[in-house]
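# Descriptive structure summary
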Amino acid sequence: MKSKEFKMPAFGVGPIYVLTCLFLTMLGVYLHIKGYLYAGEFTEGKIFFIVFGILLILFGLYLWIEAVIVQKINKKVKEKKLITSGVYGFVRNPVYSAFIFIFTGILLLTANYILLILPFVFWAYLTILMKNTEERWLKNEFGKEYEIYLNEVNRVIPWFRRKSN
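Under an unreviewed UniProt entry, the name given to the protein is Isoprenylcysteine carboxylmethyltransferase family protein, and the organism recorded is Peptoniphilus genitalis. The UniProt entry for the protein carries this comment under Subcellular location (unreviewed entry): "Endomembrane system".

Right, let's get into helix H1 (residues 14–33). Here H1 is 20 residues long and its end C-alpha atoms lie 28 Å apart, about the 28 Å a rise of 1.5 Å per residue gives. Those residues of H1 that sit buried are Gly14, Tyr17, Val18, Cys21, Thr25, Gly28, Val29 and His32. Down the axis of H1, the buried side of the element spans an arc of 100°, and every buried residue falls inside it. Opposite its buried face, H1 presents the exposed residues Ile16, Leu19 and Phe23, each directed more than 90 degrees away. Where H1 is buried, its residues contact helix H4 (94–108), helix H5 (118–132) and helix H6 (134–142). A positive phi of about 90° marks glycine 35, the residue just after H1.

Within the secondary structure, asparagine 93 sits in the loop between helix H3 (73–78) and H4. Placed 43 residues apart in sequence, asparagine 93 and isoleucine 50 show a C-alpha to C-alpha distance of 26 Å. In this structure, asparagine 93 is in contact with Met130, Glu134 and Arg155, ignoring residues within four places of it in sequence. One polar contact links the side chain of asparagine 93 to the main-chain carbonyl oxygen of arginine 155, over a distance of 3.0 Å.

Here we come to the nonpolar core. If you look at the biggest cluster of nonpolar residues, it comprises 22 residues, and the most contacted ones within it are Ile73, Tyr88 and Tyr146. Only helix H2 (46–70), H3, H4, H6 and helix H7 (144–152) provide two or more residues apiece to this core. If we ignore the near neighbours within four places in the chain, the residues touching tyrosine 146 are Leu82, Arg92, Glu135, Leu138 and Lys139. Among the nonpolar cores identified, the runner-up in size contains 18 residues, and Val13, Leu37, Leu107 and Val156 belong to it.

Procedures and definitions
Residues numbered from 1 in each chain as written. Predicted model: local features only at pLDDT ≥ 70, side-chain atom pairs only at ≥ 80, totals over all residues. Heavy atoms only, no water. UniProt positions renumbered as here; feature names shortened; annotations may be inferred. Helix = DSSP H or I, 4+ residues; strand = E, 2+ residues; numbered from the N terminus. Expected span 1.5 Å × (residues − 1). Buried < 20%, exposed > 50% of the residue type's maximum accessible area, 1.4 Å probe, protein only. Arc of directions from axis to C-beta. Contact = heavy atoms within 4.5 Å. Polar contact = N/O pair within 3.5 Å; in protein donor to acceptor, adjacent residues only side chain to side chain. Core = buried A, V, L, I, M, F, W, Y, C linked by side-chain atoms within 4.5 Å.

Structure follows, in structure tokens:
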């Protein structure tokens, strides 16, 4: 059932989410650099964290480019079209996922295990935001089509599509 009042903002909850997570990431890096989190620093194996951090940042950039530039999400939102293919066939919110991967990659560069709680905070925060805003808007706009998509594709973590019954 489509609503005439339905107006999903082009950027959704993105600015609120990204700015909050950016602030927490930068605060964590700052506290690490200033030595306030020295107890969480890994003394061995830092190269693993650095390499994995760089890979996550690159993967996040890939997701963002695919969602925003290749699949033109902003254009599709304005046209009120539901995208379920391409990168959206693996994750419902690739733009938000991209930022989780980028921020997690940045945190991994510090090789500080205390900061690794933040990606879980980012995930929980995004889940709450999505359930209470954009997912409601999309259910209202696309109905059964979105319900099927919601059951087949993960919200944040890219994964293979599940088959609906």
